Amino acid sequence: MIKRICYILLFISLGIHAQVRVSGIIVDEEDAPVPFANIIFKGSTQGTISDENGKFYLESDQTYKELEVSFVGFETLLVSLEASNLNLRIELSEARDQLDEVTIYTGKMPKKNNPAVDILKKIWRKKRRNGLYLYDRYEYDKYEKIQFDLNNIDEKLMNRKVFDGLEMVFDQIDTSNITGKVYLPIFINESVYKTYGKNIYPKKESSKLVANKNSGYSDNQALIAFLKQLYVDFDIYDNYLLFFDKKFSSPLSRLGPEVYNYVLTDSSYIEGKWCYNILFYPRRKSELTFKGDFWVNDTTFAIKEIQMYANKNANVNWVKDIYIEQEFDVVNDSVFLLKRDYIMTDFALNQKDASKGVYGKRTTLYDNHVFDVRRPDEFYKEQVQDDPQIYNQPDDFWARSRQEQLSENELGIYKMLDTLQNVRRFQQINTIGEILASGYWNFARGWDYGPVFSSIGYNDIEGLRLKAGGRTYFSQNDKWRVKGYLAYGFMDTRFKYGIEGKWMFKNNKRWIVSLGTRKDIEQLGVSLTTANEVLERSFATTSIFTRGDNTKLSNIDLTNLKISMEPVKNLELTLGTTYKTLESANPDLFNVDYFDENGEIQSSIEQVDVSVGLQFTPNRKAYGFGVERSISNNNRFPTFFLGYTRGIKGPMNSDFDYHKVQFFYEQPIQLGLFGRMRSTFEVGKTFNPVPLQLLNIVPGNQTFFTSRKLFDLLNYYEFITDEYVSLHLEHNFQGKIFSRIPVLRDLNWREIIGIRGVVGSISQANRDINASDLIYVAPENVYWEYHFGIGNIFKLLRVDFQYRGSYLDTPGSENFAVKIGLGFYF
């Protein structure tokens, strides 16, 4: 009863904030919905557009008496507003003097002789002469707020048992002025940046983080990084806008007339500038497009205001709505600068209006622009930011730095979440979220259990394998961290272990030293480009579902010491040394013998090596300044790796003297509206003869799951090389083809094609020392395989049809397979 009374009072209070709230549906004379109708408060520029089903919501803090509704081919209708204006049904009548026009266009607007398209062409011609592009150098302050809210809050939701003991959270309930839905704020992240840039060669821009603040989740590094990567900066003048790793056609794109209808609907003064209002909406369903309108100046043809909603039929998982609005400030007669950028996404499991979901909102404000201040080029370089004060600014700093003050409900989130930290029910929900985000369970102060999802495994040597591990964790910015695990195999009845410690002893340039040791069973040869990571372990070693012989496993006893530093942002230099012993995990099933320099057969390797690695990931974003940081946008930017390993014979009875050089390059490529391609290129060579376990094994995959970096139809150790070149290409059309097929369109499936190839050789010297039960075969004539796949099945599943393109007659080979993949995709 108390909950019900609170619910009623809360909803009564929501109506106090807005003077006018209007919602409803636009229909024609035959009672069919009218999509993309223009709806504004008469005498203002404040309005919205009906969605694909003719529905709309609009509110204002001002008082208006009439609503104006219009659409091409229909009479403009004025609707009188009363005290209650919710769930209206507004009927438009066909314009009698425009019947011919309606007959010709049937909702499609012409590309030629269209004044809206003529204005669009003038925008194209002048788009690089607007705003910041007019100046050689620029500086400005940027404030960013990311907020997440539970939406469609109702009495049924409030009465669920999950909220027992959490009733106080509903004190912060509010109503969206975009959708009219009731929501509950649950998270806020605020950031303040100082941005510096120059438009002259070489063009540079850098943003220095001044302050960052989170509500209730300041130590959840993985969650913060995930939320940050959902939203990336964009320029409305670009041809394509990137959201959730998908490129939407911008309404200002040069290809806009091919995918959008444009209508010139109005003109008016805005801040003393005469502007035209242009309505736009998609020509076809299921494409990555928007509907909305923009105001553009009549002389500079710079955008003054724009609002747009993503096409609801667009193939984006977990997203019901995307709303974007931008406002530009008139600096003088020729300069329009972005002042406010707002994005709201409605994340939900389905597209139903009544479905519960989460609003993700990002508000970015720009101020204090300064132009043509000369600074040296070094000043614009991105620097590693490790000042703890960034994350601990006092309240008075935030009061001064917020360009838009928080609402009463937003301020209440900080207090609410501080209180909830001591509520048991909230702690339980928070724990589940942390496990899903990071893979670790924080069960004691300063200690996490995990990785949780690798606790159980199976292989043909160990049988059932149980593993328990953990790490130290006091805060996201720990200067040191220790990780370790203990595992037991029920078939070989042996314990295995691994432990590693890292310490960042110098913040500047991120100098880190690490020391670790591991004694375990491993599936070697599942990656061409190798690294002596202590605690990393191949999925092939513990995969429960495999095909064929999975006995080619090795015992590895490894100790590694390394030091790393970051001379410039996203460039990591590593120097390390490793001592390891390698032998077969079961010599009766997998013989790795070799001839030593005296011609005697040996079954184990003792090896000392020194390695140098250089890895560069431009534009990658990292959060925090501890010894371990969360990485965002990791799959959106290229990765370069160059490694050199020197095997040293003699020290600690080390057996071999050799050199190994390897290069790895991975590049994601967004091909406009035609989807996304990922390419991986690897090349390497090992100098001087070494036994099997030190050579370059072409990575096979004997599990039933597809893996992008492996050769899915190869068996383990099928190809062995000492020099190789490998290329992987995979393209995801992201539904571009299926969206044009009526039956498949509604399934939101995505088309995938790919090809992989490798060429390599093995020297006679390496063949001569081989005494194992394997005959060395190298892919001298190019091994390649290709696949066709369907992704996004039930939004999580992918099915690939794999085919061998060469070496079809290899005994025991698999020339065709169906493999599956699982993943969380937008």
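Residues numbered from 1 in each chain as written. Predicted model: local features only at pLDDT ≥ 70, side-chain atom pairs only at ≥ 80, totals over all residues. Heavy atoms only, no water.

## Notes on the overall build of the protein
Next, step 1: When you go through the protein residue by residue, the secondary structure sums to 12 helices and 44 strands.
Next, step 2: When each of the 826 residues of the protein is scored for burial, the buried share is 53%.
Next, step 3: The long-range share in the protein, meaning contacts at least 24 apart out of those at least 6 apart in sequence, stands at 64%.
Next, step 4: Looking at the protein as shown, the accessible area adds up to about 37400 Å², and 56% of this sits on carbon and sulfur atoms. (Helix = DSSP H or I, 4+ residues; strand = E, 2+ residues; numbered from the N terminus. Buried < 20%, exposed > 50% of the residue type's maximum accessible area, 1.4 Å probe, protein only. Contact = heavy atoms within 4.5 Å. Areas by Shrake-Rupley, 256 points an atom, 1.4 Å probe, with all protein chains shown as cover.)

## Side note on the packing of aromatic side chains
Next, step 1: Going through the model one piece at a time under the given rule, you end up with 41 aromatic pairs.
Next, step 2: A centroid spacing of 6.1 Å and a plane angle of 75° characterise the contact between Tyr183 and Tyr359, whose relative ring orientation is edge-to-face. Remark: Tyr359 occurs in strand 20 (residues 357-371) and Tyr183 occurs in strand 10 (residues 182-198); sequence separation between them is 176 residues.
Next, step 3: Classification of Tyr183 as buried rests on a relative accessible area of 9%.
Next, step 4: For Tyr359, a relative accessible area of 0% puts it in the buried group.
Next, step 5: With a centroid separation of 5.5 Å and 55° between ring planes, the pair formed by Phe719 and Tyr783 is classed as tilted. Residue Phe719 is located in the loop between strand 38 (696-697) and strand 39 (720-721), and its partner Tyr783 is located in strand 42 (residues 783-793); the two are separated by 64 residues in the primary sequence. One exposure class covers both Phe719 and Tyr783, and it is buried.
Next, step 6: The structure contains a cluster of three or more aromatic residues connected by ring pairs, namely Trp784, Tyr786, Phe788, Tyr803 and Phe816.
Next, step 7: Over the aromatic face of Tyr440 sits the side chain of Arg471, whose NZ or CZ is 3.9 Å from the ring centroid.
Next, step 8: For Lys795, the ring lying beneath its charged end belongs to Trp318, and the centroid distance is 5.0 Å. (Phe/Tyr/Trp six-rings, centres within 6.5 Å; stacked < 30°, edge-to-face > 60°. Lys NZ or Arg CZ within 6 Å of the ring centre and 35° of its normal.)

## A few points about helix 3 (residues 115-126)
Next, step 1: For helix 3, spanning 12 residues, the distance from its first C-alpha to its last is 17 Å, which sits close to the expected 16 Å at 1.5 Å a residue.
Next, step 2: Inspection of helix 3 places Ala116, Val117, Ile119, Leu120, Ile123 and Trp124 among the buried residues, and these make up the whole buried set. Each buried residue of helix 3 sits inside an arc of 155° when the element is viewed along its axis, so together they form one side.
Next, step 3: A side-chain oxygen of the first residue of helix 3 lies 2.9 Å from the backbone nitrogen of Ala116; this N-cap is Asn114. (Expected span 1.5 Å × (residues − 1). Arc of directions from axis to C-beta. Polar contact = N/O pair within 3.5 Å; in protein donor to acceptor, adjacent residues only side chain to side chain.)

## Quick look at the pattern of salt bridges
Next, step 1: Summed over the entire model, instances satisfying the criterion amount to 38 salt bridges.
Next, step 2: Of the charged contacts in the structure, one is a salt bridge between Glu327 and Lys339, with a shortest N-O distance of 3.9 Å. Separated by 12 residues along the polypeptide, Glu327 in strand 18 (residues 319-330) and Lys339 in strand 19 (residues 336-348) bring together distant segments of the chain.
Next, step 3: Under the relative-accessibility criterion, Glu327 is labelled partly exposed at 27%. (Salt bridge = Lys/Arg side-chain N within 4 Å of Asp/Glu carboxyl O.)

## Brief notes about the pairing of strand 12 (residues 240-243)
Next, step 1: Across the two faces of strand 12 the burial differs, with Leu241 and Phe243 buried and Tyr240 and Leu242 not buried at all.
Next, step 2: In terms of strand pairing, strand 12 meets strand 13 (residues 246-249) through four bridges, oriented antiparallel. Bridging from a neighbouring strand, Leu242 pairs with Lys247 of strand 13.
Next, step 3: In this structure, the hairpin formed by strand 12 and strand 13 is closed by a connection of two residues, where Phe244 is found at a positive phi of approximately 55°. (Pairing = 2+ DSSP bridges.)

## Thoughts on a positive patch on the surface
Next, step 1: Residues Lys112, Lys121, Lys122 and Arg125 make up a contiguous surface patch of positive charge.
Next, step 2: With respect to the helices and strands, Lys112 occurs in the loop between helix 2 (99-105) and helix 3.
Next, step 3: For Lys112, a relative accessible area of 69% gives the class exposed. (Patch = residues over 30% accessible without salt bridge, like charges linked within 9 Å, V, L, I, M, F, W, Y side chains within 5 Å. Lys, Arg positive; Asp, Glu negative; His and termini not counted. Charge placed at Lys NZ, Arg CZ, Asp CG, Glu CD.)

## Considerations on the pairing of strand 10
Next, step 1: Counting buried residues in strand 10 gives 16 out of 17 residues, a clear majority hidden from the surface.
Next, step 2: Note: strand 8 (residues 137-151) against strand 10, 15 bridges, orientation antiparallel. Residue pairing for strand 10: Glu139 is matched across the bridge by Tyr196.
Next, step 3: One ladder, built from two bridges, connects strand 9 (residues 174-175) with strand 10; its direction is antiparallel. Of the residues in strand 10, the one forming a bridge with Thr175 is Val182.
Next, step 4: Linking strand 9 to strand 10, which pair antiparallel, is a turn of six residues; within it Gly180 sits at a positive phi near 80°.
Next, step 5: The pairing of strand 10 with strand 11 (residues 204-214) spans 10 bridges and is classified as antiparallel. Looking at the pairing, Gly197 lines up with Glu205 of strand 11.

Function cannot be inferred from these measures alone, as they are strictly geometric.
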